[in-house]
Structures are given as structure tokens and as C-alpha cells.
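Residues per chain, in single letters:
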Amino acid sequence: MNYLWAGMIIVGVVYGAFTGRMPELTNAALDSAKEAVTLCITMIGVMSFWMGLMEIATGAGLIEMASDKMEPLIRFLFPKIPEGHPAKKQIAVNFIANLLGLGWAATPAGLKAMDELEKLEEDRRRGRVPGLVRKKGVASNEMCTFLIINISSLQLISVNMIAYRSQYGSVNPAAVVGPGIAATAVSTGVAVVFCKMMDRGKRRA
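This one's a predicted model, so the numbers in the text were calculated from it and none came from an experiment. (Residues numbered from 1 in each chain as written. Predicted model: local features only at pLDDT ≥ 70, side-chain atom pairs only at ≥ 80, totals over all residues. Heavy atoms only, no water.)

Participant: Before we go on, may I ask you to explain the packing of helix α2 (residues 22-59) against helix α8 (residues 159-167) in this structure?
Facilitator: Relative orientation and spacing of two packed helices are given, respectively, by the angle between their axes and the distance between those axes. α8 packs onto α2 with a crossing angle of 140 degrees between their chain directions and a minimal axis gap of 10 Å. The angle between α2 and α8 places the two elements in the oblique class. Along this stretch, α2 crosses α8, giving a crossing that reads as right-handed. Of α8, the residues touching α2 (which contributes Thr38, Leu39, Thr42, Met43, Val46, Met47 and Trp50) are Val159, Asn160, Ala163, Tyr164 and Gln167. Residue composition of the contact of α2 with α8, grouped by class: 8 nonpolar, 4 polar and no charged. (Axes fitted to C-alpha atoms, helices over the stretch in contact; angles between N-to-C directions. Helix = DSSP H or I, 4+ residues; strand = E, 2+ residues; numbered from the N terminus. Parallel < 35°, antiparallel > 145°, perpendicular 65-115°, else oblique. Left-handed = near helix turned anticlockwise from the far one by under 90°. Contact = heavy atoms within 4.5 Å. Nonpolar A, V, L, I, M, F, W, Y, C, P; charged D, E, K, R; others polar.)

Participant: Quick question: what am I supposed to make of helix α1 (residues 2-18) here?
Facilitator: Count 3.6 residues to each turn of an α-helix, and residues three or four apart come out pointing the same way. Helix length check: α1, at 17 residues, gives a terminal C-alpha distance of 24 Å against a target of 24 Å (1.5 Å per residue), a fit within 8%. Glycine 20 occupies a position one or two residues after α1 and carries a positive phi of about 70 degrees. (Expected span 1.5 Å × (residues − 1).)

Participant: Can you walk me through a nonpolar patch on the surface in this structure?
Facilitator: Nonpolar side chains collect at one region of the surface, where Met1, Leu4, Trp5 and Met8 lie side by side and expose about 490 Å² of accessible area between them. Among the secondary structure elements, methionine 1 is positioned in the segment before α1. Looking at methionine 1, the relative accessible area reads 67%, which means it is exposed. (Patch = residues over 30% accessible without salt bridge, like charges linked within 9 Å, V, L, I, M, F, W, Y side chains within 5 Å. Areas by Shrake-Rupley, 256 points an atom, 1.4 Å probe, with all protein chains shown as cover. Salt bridge = Lys/Arg side-chain N within 4 Å of Asp/Glu carboxyl O. Buried < 20%, exposed > 50% of the residue type's maximum accessible area, 1.4 Å probe, protein only.)

Participant: Would you take a moment to explain the nonpolar core for this structure?
Facilitator: Where a protein is soluble and globular, its nonpolar side chains tend to be buried together. Ranked by internal contacts, the top residues of the largest apolar core, which has 26 residues, are Phe78, Ile91, Phe95 and Phe146. At the level of secondary structure, the elements contributing two or more residues to this core comprise α2, α4 (71-77), α5 (86-99), α6 (103-125) and α7 (141-152). At 7 residues, α5 tops the list of elements feeding residues into this core. Apart from the residues within four sequence positions on either side, phenylalanine 146 is in contact with Phe78, Ile91, Asn94, Phe95, Gly110, Ala113, Met114 and Leu117. (Core = buried A, V, L, I, M, F, W, Y, C linked by side-chain atoms within 4.5 Å.)

Participant: Sorry if this is basic, but what is going on with the pattern of salt bridges here?
Facilitator: Between side chains of opposite charge, a pair can form as their charged atoms come close. Tallied over the entire structure, the rule returns 6 salt bridges. Glutamate 116 serves as the salt-bridge partner of lysine 119, at 3.9 Å between the closest nitrogen and oxygen. Taken as a pair, lysine 119 and glutamate 116 lie in helix α6 at a separation of 3 residues, close to a single helical turn. Salt bridges sharing partners connect three or more residues here, namely Glu71, Arg75, Glu83 and Lys88.

Participant: Got a minute to help me understand the packing of aromatic side chains in this structure?
Facilitator: Aromatic rings in a pair are described by how distant their centres are and how their planes are angled relative to each other. Applying the stated criterion across every chain, the model contains 1 aromatic pair. Across the ring face of phenylalanine 76, the terminal group of lysine 196 is positioned such that the distance to the ring centre comes to 4.4 Å. (Phe/Tyr/Trp six-rings, centres within 6.5 Å; stacked < 30°, edge-to-face > 60°. Lys NZ or Arg CZ within 6 Å of the ring centre and 35° of its normal.)

Participant: Quick question: what am I supposed to make of the side chain of glutamate 116 here?
Facilitator: Of the residues examined, glutamate 116 reaches a relative accessible area of 16% and is grouped as buried. Ignoring anything within four residues of it in the chain, the contact list for glutamate 116 reads His85, Pro86 and Ala87.

Next comes the structure, spelled out in C-alpha cells:
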């Protein structure tokens, strides 16, 4: 990606120099920098608001309650994670944040979930937990499933996209909610089917 962006910048500068549009190129760069700062400030406000709500919900026990309600889904997606394992709670929190379109708020829980899944693999290697033992550094089925579903990211409220559309003057920023739900529902459904097929194929192998 670094090479790609560097190449695009170099091509743009060279093209601007040869076509005599360096003043326009300079103005565009300055305007884009100003716009980027404005957008970042807007996004910081939006994400601070929603992350604050997440913290309030956590303190009020709502996240814990929602995590318990998601237990059947987590058990279906990750049947080999032992009951009461900390990874389940972090996975549930990550899913809840993604459902609300809070990608930034979902990241910490996602990292913690991966860390707990790695600890689970370590316990398997040491014989503390039954299951398929993999080499150190090799992702487990649970890790792969979590990553794929996290990337597909079913969203009920696309907070980030709504904020972007509002920043750029959209007449109806929330118009993306319906299409967003449809698109992410399809992508998540495909992700779940793919993970289950791959897991079944590995068991047969």
C-alpha cells in the first residue's frame, strides 16, 4: 500500500508539472489537508459520543446482558471454545460494537478476543484443554472464523458512513442504513457458511 500511494502521488506531481497545473495541485493538496482535519474532528466527536454510550452501557450491565443473550450464537459459531472462557465475552462485545457500526470501538474488544483465543491455543498445546493442537504461530479455526465474521461485520447502524455523508453535505445521511443492513447481512451470511464448510472439510480430512 505504501508503494501504491507513493506511486500515485509521484504520478500526480509529475503530471501536474508537465501540464502546467502545479498551482492547482498545490491548492488541492492544501484544501484536502484542511478537509481531512475537519473530517477527523467530526469523526472524533461522533466516536467519542458512541464510545461514551458503550461505556455507560457497560457500567449499567447492558453489555453483560447482551453478551449473555448472544451465548447461543457464540456457541454455534465457536463450538470448540469451552464454556465460560473469557474469549466468548470479548467476541460478544466486538459483535455488539460492529452491529452498531462502531468499528473503532470494536477494535479493542477484537484484539482482546484474539489474545484470549491465543491463550486457549496455548492451553491446548500444554494439554490443559482438549482439542486439535496446532503449531505456535498458526491460527486456529476459532481465530479464522472470528476474523472472517469480524471483517464481514453485520451492521444495523452504519455510524461511520452516516457521519461521512453528513460531513459532505448529504441531504439524507441515514439513507444508507437499509442498504447497509442488506449488504452486511449477505456478507455475514456468506462468511458463516464459508467458515462452517471449511471447518467441516477439515474434520473430514
